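# Results of the structural survey
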Amino acid sequence: MTSKTEGTTPPDDLTPSQRAQPRINEVTAQDIASSLKDGFADFAARPFMSGAFGLLFALFGLLIVWCLVWLGKIWMIIPATVGFPLVAPFAAAGLYEMSRRLQNGGRFGWPEILSVMADQRKREMGWMAFVTLFIFWVWVYQFRTVLVIVLQHASFSDLDGFLNTVFFTPEGWTFLAIGTCVGAVLSCILFSVTVVAMPMLLDRDIDFVTAMVTSVQVVRKNPAVMLTWAAIIAVTMLLSMLPAFLGLIFTLPILGHTTWHLYRRAVQPVHR
């Protein structure tokens with residue numbers, strides 16, 4: 001289903017209809033399996049470069065936790081650590097570019113990848129980053145709101161006290177149930193608007209609204225398959241954060257490379 005594109009920049013000789021109406025394919029569980037296989041292959045082809053993106057993301061997560069502890073914002077540790085993977089699609093832009101170049105058989109190093117990433121500030125990727133960070137802000141705000149309403153009579157002065165209240169009291173269980181439901185809705189929304197939008201913006205000269213609409217259409221056309229992929233991402237990311245975020249060094253790049261290949265299967269390539 002996929003075809004190779006030449007060069008490192010999207011084609012600029014497209015008609016308005018080609019730009020505005022990407023064509024969507026049906027995808028199957030086999031497409032996920034094949035994309036995962038290709039994602040592993042991309043990681044194996046450049047393990048140190050791919051792993052560097054995962055390492056930076058893991059260090060960013062650790063830095064968030066350290067800053068919150070230092071500032072005394074204990075209550076924010078859970079929403080921050082659970083919610084910060086929501087920005088992973090934006091962080092994976094370099095991985096998408098690596099997969100595109102590997103797919104084309106081109107040679108590249110850090111200067112080429114970083115140059116393409118830097119160029120995204122001149123295009124529509126910045127708007128997608130805004131959408132992603134806005135949903136992350138909504139996630140943190142709703143967490144705080146539910147915390148105040150449900151745990152208003154609870155007291156905790158450190159992380160152990162907070163975790164004990166959340167996980168071992170009836171009020172904490174109510175808080176987790178409500179927060180999980182709201183978080184699941186926000187995650188589904190963000191997944192739907194970004195699952196192919198991020199790699200698509202890097203790959204093509206389109207606006208971010210078209211990319212988001214296309215992403216939602218991919219999910220609507222393939223709900224079972226795409227929800228399966230969302231579940232794989234969620235479980236993998238959460239498990240990767242348990243050993244002090246270190247699992248992200250491997251899982252983030254593999255998921256990023258896989259997302260690129262799934263995008264190429266879900267959206268028909270532009271014929272020049």
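The paragraphs below set out a description of the structure included in this document. (Residues numbered from 1 in each chain as written. Predicted model: local features only at pLDDT ≥ 70, side-chain atom pairs only at ≥ 80, totals over all residues. Heavy atoms only, no water.)

### A closer look at the overall build of the protein chain
Threshold: Working definition: helices are DSSP H or I runs of at least four residues, strands are E runs of at least two. Numbering for both runs from the N terminus. Burial classification: accessible surface area is computed with a 1.4 Å probe over protein chains only, and a residue below 20% of its type maximum counts as buried, one above 50% as exposed, and the rest as partly exposed. Contacts are assigned to residue pairs that have any heavy atoms within 4.5 Å of one another.
Across its full length, the protein chain holds 14 helices and zero strands. Ordered by position from the N terminus, the helices and strands of the protein chain form the series α-α-α-α-α-α-α-α-α-α-α-α-α-α. Counting over 272 residues, the protein chain shows a buried share of 47%. Intrachain contacts of the protein chain at a sequence separation of at least 6 include 79% that bridge at least 24 residues.

### Some remarks on a nonpolar patch on the surface
Put simply, the test is: Patches in this entry comprise residues that are over 30% relatively accessible and not in a salt bridge; like charges within 9 Å are linked, as are nonpolar side chains (Val, Leu, Ile, Met, Phe, Trp, Tyr) within 5 Å. All accessible areas in this document rest on Shrake-Rupley with a 1.4 Å probe, and a residue is counted as covered only by the protein chains that are shown. When a carboxyl oxygen of Asp or Glu lies within 4 Å of a side-chain nitrogen of Lys or Arg, that pair is called a salt bridge.
Taken together, the side chains of Phe 60, Leu 63, Trp 66, Trp 70 and Leu 71 define a hydrophobic patch exposed on the protein surface, amounting to about 630 Å² of accessible area. Topologically, Leu 63 is positioned in helix H3 (residues 47-71).

### What to know about the packing of aromatic side chains
Put simply, the rule is: Centre distance within 6.5 Å is the pairing criterion for rings of Phe, Tyr and Trp, where only the six-membered ring of Trp is used; planes under 30 degrees apart are then read as stacked, over 60 as edge-to-face, and the remainder as tilted.
A full pass over the atoms with the stated rule returns 11 aromatic pairs. Judged by centre distance (6.0 Å) and plane angle (0°), the ring pair of Trp 66 and Trp 70 falls under stacked. Here Trp 66 pairs with Trp 70, and both are found in helix H3, just four residues apart, close to one helical turn. The exposure class of Trp 70 is exposed, given its relative accessible area of 62%. Ring plane angle 20° and centroid distance 5.5 Å describe the contact between Trp 137 and Tyr 141, whose orientation is recorded as stacked.

### Brief notes about the pattern of salt bridges
All chains considered together, the criterion is met by five salt bridges. Ionic pairing is found between Arg 265 and Asp 38, a salt bridge with its closest N-O pair at 3.1 Å. Pair noted here: Arg 265 is in helix H14 (residues 248-266) and Asp 38 is in helix H2 (residues 29-45), with a separation of 227 residues, a long-range link. With a closest N to O distance of 2.7 Å, Arg 100 and Glu 97 form a salt bridge. With a gap of three residues between them, Arg 100 and Glu 97 both fall in helix H6 (residues 93-104), about one helical turn apart. Residues joined by salt bridges that share partners form a network here, namely Glu 97, Arg 100, Arg 101 and Asp 203.

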